[in-house]
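This is what each chain is made of:
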2 protein chains.
Amino acid sequence: MEKKKIPDIIIGRLPLYLRALNRMAANGSAISSSKELGEWVGISAAQIRKDISQFGEFGKQGTGYNIEFLSRKIREILNIDRIWDVAIIGMGDIGHGLTEYQGFRNRGFQVTLVFDNSPEKIGTKIGDLAVQDTADMVDTINKTDVKIAMIAVPADHAQTVADELLKTGVKAILNYAPIRINVPDNIRVQYIDPATHLQWMTYYL
Amino acid sequence: MEKKKIPDIIIGRLPLYLRALNRMAANGSAISSSKELGEWVGISAAQIRKDISQFGEFGKQGTGYNIEFLSRKIREILNIDRIWDVAIIGMGDIGHGLTEYQGFRNRGFQVTLVFDNSPEKIGTKIGDLAVQDTADMVDTINKTDVKIAMIAVPADHAQTVADELLKTGVKAILNYAPIRINVPDNIRVQYIDPATHLQWMTYYL
């Protein structure tokens, strides 16, 4: 599929649509209206129709979306009709939890490399993966095709790790450290920031 | 401030603005244009002006926003000009990491109760907090004013925990378990879902 320029904010909603479609399918549904999908994700039916129409004709007026077909198309659009290898740096609680996280399965990702700088952790196993030395990270990643990394080190180490990742093929970083990292524009960064989620909810309390 | 009906999607952007403003202040800035703020959060200047104008007159044409003043106003709007006590259920890696997470500090939250159902963990300390028995969770929370909880238990326990939380004063749940939980409409739920963030980025790879 040739890509036309789609606003980033719409791309960001596609994973939410996909998650909802998967849950509807798990509940036994085959067809979803834009209204029903909207209720799952908390977005108006009109917005959903507009977003999805950016990518082509996926539903017929009055018949709703075929869930399996739309899910497959969204996976193609998001480039997750394949499995991406992922590296995690920092095997503290969060990194360890991510390594064993069950939520990546069937969603396009597998953790294949894990790093830490602590001598007590290097060489230990987490599931099938041996923890490798962060000092060797650049060389180790460069022997692989890994393009995605998750940073789970303390805040004051995050920028150093990000700088090192720039020497590898990593082009997308999910940062769990509670600090902004500076990288060139060609590297995508997203943040996991629980305080931001909590602040969204306190408005309503 | 009397609340008029503001779209939820705008409320959800305010924590991002606040985070950016705090970072600008930490960098020594006192004034921000909507364009500069927009670049920090990846949203257009026009959208930012529109969002912020929903809550009143915060900037003068041509002079930009006073960062300290706007930050304070956003904290008031989001009800985080105070500290909220938070309970965490599940002291596996993720829950343990959240308990010690430094990113809540100065952002309106403190973890005051932690629970697990494992006899090996109950009674142990994480920092100053003793891990309490999930079996006593309802009674324990009901002795406090806790309105916010984070669920960090395995996916197949998340709904049970959510059901128990309904018997307490908890009105906002941040769910780390990779599964949707069903709660009444008066309970807010947000999800931390790393796969969703990764899928957003793979579009660009």
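Since the structure is predicted, the reported quantities are computational estimates derived from the model, not experimental observations.

Novice: What exactly am I supposed to notice about the domain arrangement of chain A here?
Specialist: Reports of interface size often rely on the accessible area that becomes lost once the parts have come together. As assigned here, chain A comprises domain 1 (8-77) and domain 2 (84-195). Centre-to-centre, using C-alpha coordinates, domain 1 of chain A lies 31 Å away from domain 2 of chain A.

Novice: Explanation requested: the sheet that holds strand E4 (residues 84-89) of chain B in the structure shown.
Specialist: In a beta sheet, neighbouring strands are held together by backbone hydrogen bonds and run either parallel or antiparallel to one another. All names here are of chain B. Judged by pairing direction, the sheet is mixed, and its seven strands sit side by side in the order E6-E7-E5-E4-E8-E9-E10 without closing on themselves. Of all strands in the sheet, those bounded by a partner on one side alone are strand E6 (125-126) and strand E10 (188-191). Inspection of the sheet shows strand E5 (residues 109-116) paired to strand E7 (residues 129-133) by three bridges, in the parallel sense. Its bridge partner being in E7, Val114 is matched across the sheet by Val131. Across the face of the sheet, helix H7 (residues 155-165) comes into contact with E4, strand E8 (148-151) and strand E9 (172-175) while running at roughly 165° to E8.

Novice: What am I meant to see in the sheet that holds strand E10 (residues 188-191) of chain A here?
Specialist: In spatial order, the strands read E6-E7-E5-E4-E8-E9-E10 (chain A); together these seven strands make up an open sheet with mixed pairing. What marks the edges here is a single partner per strand, and that holds for strand E6 (125-126) and E10 of chain A.

Novice: What should I look at first to understand the relation of the copies chain A and chain B in this one?
Specialist: Both copies of the chain are related by a screw-like operation: a rotation about an axis and a shift along it. With an RMSD of 0.0 Å, chain A superimposes on chain B once it is rotated by 180° and translated 0.0 Å along the axis. Both chain copies can therefore be described as sitting about a two-fold axis. Closest approach to the rotation axis within chain A is made by the C-alpha atom of Asp93(A), at a distance of 2.3 Å. Most of the interface of chain A is mirrored in chain B, where 98% of its interface residues are also at the interface.

Novice: It is not clear to me how the interface of chain A and chain B should be interpreted in this structure. Could you clarify?
Specialist: With 57 residues of chain A in contact, the opposing surface of chain B contributes 56 residues. Of the roughly 5900 Å² buried between chain A and chain B on both sides combined, carbon and sulfur atoms contribute 65%. The largest share of the area that chain A buries against chain B comes from Gln199(A), Trp200(A) and Tyr203(A), three residues that together contribute 14% of it. Linking chain A with chain B are four salt bridges.

Novice: So what exactly am I meant to see when it comes to the packing of helix H1 (residues 8-26) of chain A against helix H4 (residues 67-77) of chain A here?
Specialist: How two helices pack is summed up by the angle between their axes together with the distance between the axes. Residue and element names in this part refer to chain A. Here H1 crosses H4 at 150°, and the two axes come no closer than 10 Å. Where H1 crosses over H4, the two elements pack in a sense that is left-handed. Across the interface between the two elements, Leu14, Tyr17, Leu18, Leu21, Asn22, Met24 and Ala25 from H1 touch Ile67, Leu70, Ser71, Ile74, Arg75 and Ile77 from H4. Partitioning the contact of H1 with H4 into residue classes produces 10 nonpolar, two polar and one charged.

Here is what the cut-offs are and how they apply
- Along each chain, residues carry numbers from 1 onward, in the same order as the chain's sequence is written.
- By the order in which they are written, chains take letters starting at A while ligands take numbers starting at 1.
- For a predicted model such as this one, the threshold for reporting local features is a pLDDT of at least 70, and the threshold for listing and counting side-chain atom pairs is 80 or more; totals across whole chains, interfaces and linings nevertheless cover every residue.
- No hydrogens and no water enter the side-chain calculation; it runs on all heavy atoms of the structure.
- As annotated, the domain borders come from an automatic or database domain assignment.
- DSSP-based pairing: two strands are paired if at least 2 bridges between them are found.
- Secondary structure elements are defined from DSSP: runs of H or I of at least 4 residues count as helices, runs of E of at least 2 residues count as strands, and each element is numbered from the N terminus.
- Two residues qualify as a contact provided that any one of their heavy atoms is within 4.5 Å of a heavy atom in the partner residue.
- Lines fitted to C-alpha atoms define the axes here, with helix axes fitted over just the stretch in contact, and angles between the N-to-C directions of these axes take values from 0 to 180 degrees.
- Least-squares superposition aligns the copies on the C-alpha atoms of those residues with pLDDT at or above 70 in both.
- Accessible area, probed at 1.4 Å, shrinks when two parts are joined; the buried area is that loss added up over both.
- Salt bridges are counted wherever a side-chain nitrogen of Lys or Arg sits within 4 Å of a carboxyl oxygen of Asp or Glu.
- Handedness of a crossing follows from how the near helix is turned relative to the far one, being left-handed for an anticlockwise turn of less than a right angle and right-handed for a clockwise one.
- Following the grouping adopted for this structure description, the nonpolar residues are Ala, Val, Leu, Ile, Met, Phe, Trp, Tyr, Cys and Pro, the charged ones are Asp, Glu, Lys and Arg, and the polar ones are all others, Gly among them.

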